[in-house]
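Structural description and commentary
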Amino acid sequence: MVLSRSVESNHNVVFDCKYHVVFCPKYRKKVLKEPVDIRLKELFLEKAVELREVVEMEIMPDHVHLLIKCDPHFGIHRVVKHSLKSRLPSLWTNSCFVATVGTVQLDVIKNYMESQKERND
């Protein structure tokens, strides 16, 4: 089986870096409901234009899943910190979960994130 792979370049490095990021509001409060979740999606998509690409996003009442593609020189920590602290900085905890995503796992993680949303609706 041959997997197609989409790579990018920043003039020095050719890369394919995707990260599964999960973070929560302070005290894991269930505050990310309509209309907050809709506005939050808009804000993340605006940021994605600056920082790189949001491949997938699901917002649950008490946590957020992002699948982010970013330049390894910029670093995933800076992407997450910049995204969270630039908008609604007092809402978020300082902690998050980050895992790298291999090409084979990409569809599995997308399906998992979509199923989480369906389960919480």
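An unreviewed UniProt entry annotates the protein chain as Putative transposase orfA for insertion sequence element IS200/IS605 group of Brevibacillus brevis.

Our focus in this paragraph is the packing of aromatic side chains. A complete count under the given rule lists two aromatic pairs for this structure. With a centroid separation of 5.8 Å and an interplanar angle of 65°, the aromatic rings of phenylalanine 23 and phenylalanine 44 are classed as edge-to-face. One end of the pair, phenylalanine 23, is in strand 3 (residues 18-25); the other, phenylalanine 44, is in helix 1 (residues 36-51), and 21 residues separate them in sequence. Judged by its relative accessible area of 2%, phenylalanine 23 is buried. Since its relative accessible area comes to 6%, phenylalanine 44 is described here as buried. Ring geometry for phenylalanine 23 against tryptophan 92: centres 5.1 Å apart, planes inclined by 85°, an arrangement best described as edge-to-face. With phenylalanine 23 in strand 3 and tryptophan 92 in strand 6 (residues 92-100), this residue pair connects regions lying 69 residues apart in the sequence. Judged on exposure class, the residue phenylalanine 23 and its partner tryptophan 92 are both buried. Grouped by ring-pair contacts, the aromatic residues Phe23, Phe44 and Trp92 constitute a single cluster.

All right, on to the pairing of strand 4 (residues 53-59) then. For strand 4, the buried fraction is high: five of the seven residues fall into the buried class. The sheet contact formed by strand 4 and strand 5 (residues 64-69) spans six bridges and is antiparallel. Across the sheet, residue glutamate 58 finds its bridge partner in strand 5, namely histidine 65. Between the end of strand 4 and the start of strand 5, which pair antiparallel, lie four residues.

Of all hydrophobic cores here, the largest spans 21 residues; its most connected members are Val21, Phe23, Phe44, Val64, Leu66 and Ile76. Only strand 3, helix 1, strand 4, strand 5 and helix 2 (76-86) provide two or more residues apiece to this core. With four residues, helix 2 is the largest single contributor of residues to this core. Not counting the four nearest positions on each side in its chain, valine 21 is found in contact with Val64, His65, Leu66, Ile68, Ile76, Val80, Phe97 and Val98. Core analysis: the next-biggest nonpolar cluster, separate from the first, contains five residues, Leu67, Leu106, Ile109 and Met113 among them.

Attention shifts here to the sheet that holds strand 4. Pairing within the open sheet is antiparallel, and its four strands lie in the order 4-5-3-6. With partners counted over all chains shown, the strands left at the sheet margins are strand 4 and strand 6, one partner each. For this sheet the average axis-to-axis angle between neighbouring strands, irrespective of direction, equals 20°. Across the sheet, helix 3 (residues 106-120) touches strand 3, strand 4 and strand 5, and the angle it forms with strand 4 is around 30°.

Compared with an ideal rise of 1.5 Å per residue, which puts 15 residues at 21 Å, helix 3 spans 22 Å between its outermost C-alpha atoms and is within 8% of the ideal. Of all the positions in helix 3, only Leu106, Ile109, Met113 and Gln116 are classed as buried. Down the axis of helix 3, the buried side of the element spans an arc of 90°, and every buried residue falls inside it. Within helix 3, the exposed residues directed more than 90 degrees away from the buried face are Asp107, Val108, Glu118 and Arg119. In this structure, the buried side of helix 3 is in contact with strand 3, strand 4 and strand 5.

Criteria and cut-off values
- Residues numbered from 1 in each chain as written.
- Predicted model: local features only at pLDDT ≥ 70, side-chain atom pairs only at ≥ 80, totals over all residues.
- Heavy atoms only, no water.
- Phe/Tyr/Trp six-rings, centres within 6.5 Å; stacked < 30°, edge-to-face > 60°.
- Helix = DSSP H or I, 4+ residues; strand = E, 2+ residues; numbered from the N terminus.
- Buried < 20%, exposed > 50% of the residue type's maximum accessible area, 1.4 Å probe, protein only.
- Pairing = 2+ DSSP bridges.
- Core = buried A, V, L, I, M, F, W, Y, C linked by side-chain atoms within 4.5 Å.
- Contact = heavy atoms within 4.5 Å.
- Axes fitted to C-alpha atoms, helices over the stretch in contact; angles between N-to-C directions.
- Expected span 1.5 Å × (residues − 1).
- Arc of directions from axis to C-beta.

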